[in-house]
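Inside the fold
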Amino acid sequence: MPFGNIGIGGLVLILIIALIIFGPSKLPELGRAFGRTLSEFKGATRDLVNGEDEAKEKPAAGQESVVPNK
């Protein structure tokens, strides 16, 4: 990954550039939006992973094994 090791200096530089571009009044709003986006992404990822685990453990609805009567 080309951006694997940003470091403290790179992070400070990114924050300064963001401050210049968006201004101090917009930064908290952008931070909240970014945090909500990450939270939703984590939740969706967790649901997908847990959904796959549950699908392996239980058969899907309507696909239960039924022994036919003879």
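Anyway, here's the lowdown on the structure attached to this text. No experiment lies behind these values; they were computed from the predicted model shown.

1. So, the overall build of the protein
In terms of helices and strands, the protein carries 2 helices and 0 strands. For the protein, with 70 residues in total, the buried portion stands at 3%. In the form shown here, the protein has an accessible surface area of approximately 6,800 Å², with 64% of it arising from carbon and sulfur atoms.

2. Description of the pattern of salt bridges
A side chain with one charge can pair with a side chain of the opposite charge if their charged atoms come near. All told, the structure shown has 1 salt bridge when counted by the stated rule. A salt bridge links Glu 29 to Lys 26; its shortest N-O distance comes to 4.0 Å.

3. A look at helix H1 (residues 7-22)
In a regular helix each residue adds 1.5 Å, so 16 residues correspond to 22 Å; H1 covers 22 Å between its end C-alpha atoms and thus fits that length. The first or second residue beyond H1 is Gly 23, which carries a positive phi of 85°.

4. Some remarks on a nonpolar patch on the surface
A grouping of Ile 8, Val 12, Leu 13, Ile 16, Ile 17, Ile 20, Ile 21, Phe 22 and Leu 30 is seen on the molecular surface, where their side chains present a nonpolar patch of about 900 Å² in accessible area. If one sorts the elements of the nonpolar patch by residue count, H1 sits on top with 8 residues. Locating Val 12 in the fold gives a position in helix H1.

Thresholds applied
Residues numbered from 1 in each chain as written. Predicted model: local features only at pLDDT ≥ 70, side-chain atom pairs only at ≥ 80, totals over all residues. Heavy atoms only, no water. Helix = DSSP H or I, 4+ residues; strand = E, 2+ residues; numbered from the N terminus. Buried < 20%, exposed > 50% of the residue type's maximum accessible area, 1.4 Å probe, protein only. Areas by Shrake-Rupley, 256 points an atom, 1.4 Å probe, with all protein chains shown as cover. Salt bridge = Lys/Arg side-chain N within 4 Å of Asp/Glu carboxyl O. Expected span 1.5 Å × (residues − 1). Patch = residues over 30% accessible without salt bridge, like charges linked within 9 Å, V, L, I, M, F, W, Y side chains within 5 Å.

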